[in-house]
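Residue-level listing of the chains:
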Amino acid sequence: MADSQAVIRIEELTRTYSEGDTAVHALRHVDLSVNPGEMLAIMGASGSGKSTLMNLLGCLDRPSSGRYRLDGLRVDEMNRRELADIRNTRIGFVFQGFNLLARTSALDNVELPLLYDRRGPKVDRVKLARAALERVGLADRLHHQPSELSGGQQQRVAIARALVMQPALLLADEPTGNLDTRTSLEVMALFQELNQAGMTILLVTHEHDIAECAGRLVELRDGKILRDQPVEARRDAVAELRDLPAGADE
Amino acid sequence: MNTLVLIRIALRSIRKNKTRTLLTMLGIIIGVAAVIVMVALGQGAKEQIRSRIDSLGSNLVVITPGASKSGGVSQGAGSMNRLTLLDAETLTRESMWLSSVSPLIVAPAHAVGGSGNWRVGVSGVSAEYATIRNWEVSAGRLFDETEVRAMRKVCVLGKTVVDNLFAEQDPVGQQIILRDVPFEIIGVLEPKGQTAEGRDQDDTILAPYTTVKTRLAGRQFIPMILGATDNKADVPAALTEAKAILRETHGLASYDDDDFTVRDQNELAETAEGATEVMTLLLAAIAGVSLLVGGIGIMNIMLVSVTERTREIGIRMAVGARGGDVLMQFLIEAIVMSLFGGLIGVAAGYGGSALLEKFTGWDTVITPQLVAISLGFSAAVGIFFGFYPARKAAALDPIEALRYE
């Protein structure tokens, strides 16, 4: 069965918030499966449920009903503690607002998930954190604090933090929302490189040109999937970045 | 996830908020310092009382006449005095544990000599009395056993008597008339001060008990026999032994009650120390309240800190921190703060005690146990008052925490 290999498989996923007497249906019976190595963009107007879906996929939130299998594991049945371990080991999450610890060096920020790693043998945390930062091109910014870094650099620290545990799945909630065009392109180029190296990536965005960097596009409206189709003319962010005249946006 | 990592996380967070940490610790610092100073003061008082009691003569065994019973009704101590000089002599001869024994006969006398006269109690004692009481002469000498046996009319004066009769002159070698009997003054006792009850111990004259008995008192029974052991540890054995010897000497049958009382100084010491113990506890309790207030201060700051750092907690949870990890982090932060505050408090307590001693002259004693207990208590305060805020942090929902602005 092809589905058994799916990184993500959700069925009838529903999330309802109760606000006073009225129930808000953020997500209604959504089915979706994502295969390893896919790069998928989720689009939709605000209120369409794309962030809710992302939080559920990232195990930050729990569904009201429905099933969610991550790497074949029934995540929807797990308790708080198990979900924390799933977030730690299987998922890298990148936020729109970076969510870095203030007054903490890039290295320490990237080291954070390693501190909560409970799996077996001891690892050289500093070495791994350094390697992750080198991979996102910040080898010379190890000891800078977030306030000393540009928005693009901060987002790359956040990506390094998402990568440091070497998860199979990278989730990004509006990763370019706070970035200008050039740095957005840089981040997308990084994502495409990671995707080519075999990482499954899901990203939420409301910008079409960002979504076109992905290989598959899912559009949400009113908590339901409106469209789910491959991207016809996929952008090559790496090539575009190479062709972009230096300092054009700065 | 090991504790060491959590401690490092907590230390990092404390270092990032120096002012806040210091202000939080202030309550604990003051609390611990107060406890240390108060208890040190109490222990100092205890030590002082102990040394005063020891100055009465440590290793002391006191034998007094026992109470007689008339139809089952006790007539009170001394109501039937059967203590004799013979008892004292028997004890001197037979006791293995008592290294020195002295009877004590007190005869009130009108003393005339030097520049005036003075009413004083003349104590008839053996040559060993001074040893028993840890008493030495500041001038001249004490009488010896030969002089006791020979019933020599020699005496040693207490400081108060000397002050009243021989204000300007050296009394040694002079004569003093006690109840019309001339005695030669052979020495002056060094001043010993007042007893705990306020009696002037220096207002006395010591003379051989043989002389006092025949020349001044003439009574057959004596009010007290004093003895001393070489070591404090021997006192209980000496008590038992003295009892047995006296029962035999008095010819008591096994069903007879003792007609004498044998005591040691411990009873007096325990009573006095018990009183200071209560004082110390009271002082410590008052100081403990301030430590408690300091703990509430820590809780306040930790609660504020949890709110302020909601986002940080969200980030930690998003990358895989369990609720337990967050709980431990905040708990360790609270403990580290209160322990560190406790350490500074101990230092402040040492300083405060030294200052107090300098300015008031009161003795203070700081024992290692006191320091250990204070530190242990401050850590306990950290755990107790850190737990509620830490639990609040741990119970946060990751998505809510991340959204918090």
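Residues numbered from 1 in each chain as written. Chains lettered and ligands numbered in written order. Predicted model: local features only at pLDDT ≥ 70, side-chain atom pairs only at ≥ 80, totals over all residues. Heavy atoms only, no water.

Caption draft 1: Highlighting the overall build of chain A. Summing up its helical and strand segments, chain A has eight helices and ten strands in all. Relative to its 250 residues, chain A shows a buried fraction of 54%. A separation of at least 24 residues holds for 71% of the contacts in chain A among residues at least 6 apart in sequence. (Helix = DSSP H or I, 4+ residues; strand = E, 2+ residues; numbered from the N terminus. Buried < 20%, exposed > 50% of the residue type's maximum accessible area, 1.4 Å probe, protein only. Contact = heavy atoms within 4.5 Å.)

Caption draft 2: Local environment of the interface of chain B and chain A. The interface of chain B with chain A comprises 28 residues on the first partner and 27 residues on the second. Both faces combined, the contact of chain B with chain A buries some 2500 Å², and carbon together with sulfur accounts for 50% of it. For the pair chain B and chain A, the interface holds four salt bridges. As a salt-bridge pair, Arg8 of chain B and Glu111 of chain A come within 3.4 Å of each other at their nearest N and O atoms. Our enumeration of links across chain B and chain A arrives at eleven residue pairs in polar contact (both at pLDDT 80 or more). Contributions of two or more residues to the side of chain B that touches chain A are made by helix H1 (3-16), helix H10 (310-318), helix H11 (323-360) and helix H13 (398-403) of chain B. In terms of residue class, the side of chain B that touches chain A is made up of 14 nonpolar, four polar and ten charged. (Buried area = accessible area lost by both parts, 1.4 Å probe. Salt bridge = Lys/Arg side-chain N within 4 Å of Asp/Glu carboxyl O. Polar contact = N/O pair within 3.5 Å; in protein donor to acceptor, adjacent residues only side chain to side chain. Nonpolar A, V, L, I, M, F, W, Y, C, P; charged D, E, K, R; others polar.)

Caption draft 3: Representation of helix H2 (residues 80-89) of chain A within the structure. Among all positions in H2 of chain A, only Leu83, Ala84, Ile86, Arg87, Asn88 and Thr89 of chain A are buried. Buried residues along H2 of chain A sit in contact with strand E4 (65-70), strand E5 (73-74), strand E6 (91-94) and helix H3 (106-115) of chain A together with H10 and H13 of chain B.

Caption draft 4: Here's a closer look at the packing of aromatic side chains. Here the structure, examined in full by the defined rule, presents two aromatic pairs over all chains. Taken together, a centroid distance of 4.7 Å and an interplanar angle of 25° make the contact between Phe93 of chain A and Phe95 of chain A stacked. (Phe/Tyr/Trp six-rings, centres within 6.5 Å; stacked < 30°, edge-to-face > 60°.)

Caption draft 5: Looking closely at a nonpolar patch on the surface. All names here are of chain B. Nonpolar side chains collect at one region of the surface, where Leu23, Leu26 and Ile30 lie side by side and expose about 300 Å² of accessible area between them. Following the sequence through the fold, Leu23 ends up in helix H2 (residues 18-55). Since its relative accessible area comes to 59%, Leu23 is described here as exposed. (Patch = residues over 30% accessible without salt bridge, like charges linked within 9 Å, V, L, I, M, F, W, Y side chains within 5 Å. Areas by Shrake-Rupley, 256 points an atom, 1.4 Å probe, with all protein chains shown as cover.)

Caption draft 6: Structural context of the sheet that holds E5 of chain A. Residues and elements named next belong to chain A. Strand order across the open sheet formed by four strands is E2-E1-E4-E5, with antiparallel pairing between neighbours. Each end of this open sheet is capped by a strand with a single partner; those strands are strand E2 (22-34) and E5. Strand direction decides the pairing type here: E4 and E5, joined by two bridges, are antiparallel. Paired with Arg69 across the strands is Arg74, a residue of E5. (Pairing = 2+ DSSP bridges.)

Caption draft 7: Structural detail: the sheet that holds strand E3 (residues 39-43) of chain A. Residue and element names in this part refer to chain A. Reading across the sheet, the six strands line up as E6-E7-E8-E3-E9-E10 and stay open at both edges, with mixed pairing between neighbours. Looking at the sheet topology across the chains shown, the edges are occupied by E6 and strand E10 (224-230). If you compare each strand with its neighbour and ignore which way they point, the axes differ by 15° on average. The pairing of strand E9 (residues 216-221) with E10 spans six bridges and is classified as antiparallel. Residue pairing for E10: Leu217 is matched across the bridge by Gln229. Helix H6 (residues 181-196) rests against E3, strand E7 (169-173) and strand E8 (200-204) of the sheet, and its axis sits at about 150° to E8. (Axes fitted to C-alpha atoms, helices over the stretch in contact; angles between N-to-C directions.)

Caption draft 8: Fine view of the nonpolar core. Residue and element names in this part refer to chain A. Grouped together as the largest cluster of nonpolar side chains are 78 residues, with contacts concentrated most on Ile8, Ile10, Ile42, Tyr68, Leu70 and Leu202. When residues of this core are assigned to domains, at least three fall in each of domain 1 (8-90 + 167-243) and domain 2 (98-162). With residues up to four places along the chain from it excluded, the contact list for Leu70 reads Val7, Ile8, Val75, Ile86, Arg90, Ile91 and Leu169. (Core = buried A, V, L, I, M, F, W, Y, C linked by side-chain atoms within 4.5 Å. Domains from an automatic or database assignment.)

Caption draft 9: Structural context of the pattern of salt bridges. On inspection of all chains with the given rule, the structure shows 28 salt bridges over all chains. Between Arg322 of chain B and Asp85 of chain A there is a salt bridge, with the nearest N and O atoms lying 2.5 Å from each other. Placement of Arg322 of chain B in the loop between H10 and H11 and of Asp85 of chain A in helix H2 is noted, with the two residues assigned to different chains. Arg322 of chain B sits in the buried class, given a relative accessible area of 15%. Judged by relative accessible area, which is 22%, Asp85 of chain A ranks as partly exposed. With its nearest N and O atoms 3.5 Å apart, the salt bridge here joins Glu145 of chain B to Arg149 of chain B. Within this pair, Glu145 of chain B and its partner Arg149 of chain B are both found in helix H5 (residues 145-149), separated by four residues, close to a single helical turn. In this structure Arg149 of chain B comes out as exposed when scored by relative accessible area, which is 63%. Through salt bridges with shared partners, a single ionic network connects Asp85 and Arg118 of chain A together with Arg322 and Asp325 of chain B.

Caption draft 10: Up close: the pairing of strand E1 (residues 8-19) of chain A. Residue and element names in this part refer to chain A. Here E1 runs beside E2; their pairing, made up of nine bridges, is antiparallel. Each residue of the ladder has a partner; that of Leu13, found in E2, is Val30. Where E1 folds back onto E2 in an antiparallel hairpin, the turn is made up of two residues, including Gly20, whose phi is positive at roughly 65°. Alignment of E1 against E4, held across five bridges, turns out to be antiparallel.

Caption draft 11: View of the packing of helix H3 (residues 85-94) of chain B against helix H8 (residues 235-249) of chain B. Residues and elements named next belong to chain B. Relative orientation of the contacting elements H3 and H8 amounts to 130°, with a least axis distance of 10 Å. Here H3 is positioned oblique relative to H8, judged by the angle of their axes. As for how H3 packs across H8, the hand of that crossing is right-handed. Taken together, the residues of H8 that come into contact with H3 (itself represented by Asp87, Thr90, Leu91 and Glu94) are Glu241, Ala242, Ile245, Leu246 and Thr249. (Parallel < 35°, antiparallel > 145°, perpendicular 65-115°, else oblique. Left-handed = near helix turned anticlockwise from the far one by under 90°.)

Caption draft 12: Molecular detail of the environment of Leu91 of chain B. All names here are of chain B. Here Leu91 lies in helix H3. Residues Leu91 and Ser102 lie eleven residues apart in sequence; the distance between their C-alpha atoms is 9.2 Å. Sequence-distant contacts of Leu91, defined by excluding residues within four places in its chain, comprise Ile63, Val101, Ile225, Ala242, Ile245 and Leu246.

Caption draft 13: Spotlight on the side chain of Asn99 of chain A. The residue Asn99 of chain A is located in the loop between E6 and H3 in this model. Asn99 of chain A gets classed as buried once you look at its relative accessible area, which sits at 5%. Engagement of the side chain of Asn99 of chain A in a polar contact is seen with the side chain of Arg311 of chain B, the distance being 2.7 Å. If we ignore the near neighbours within four places in the chain, the residues touching Asn99 of chain A are Arg161 of chain A together with Arg311, Ile315 and Leu402 of chain B.

Caption draft 14: Just the pairing of strand E10 (residues 204-208) of chain B, in detail. All names here are of chain B. Of all five residues in E10, five are buried, a share of seventy percent or more. One ladder, built from two bridges, connects strand E7 (residues 154-157) with E10; its direction is antiparallel. Looking across to E10, one finds that Leu157 is bridged to Ile205.

Caption draft 15: Local environment of the confidence of the model for chain B. Of all residues in chain B, 93% attain a pLDDT of 70 or more, and the chain-wide mean is 84. Per-element confidence in chain B ranges from a low mean pLDDT of 50 for strand E2 (residues 69-70) of chain B to a high of 93 for H10 of chain B. (pLDDT = per-residue confidence, 0-100.)

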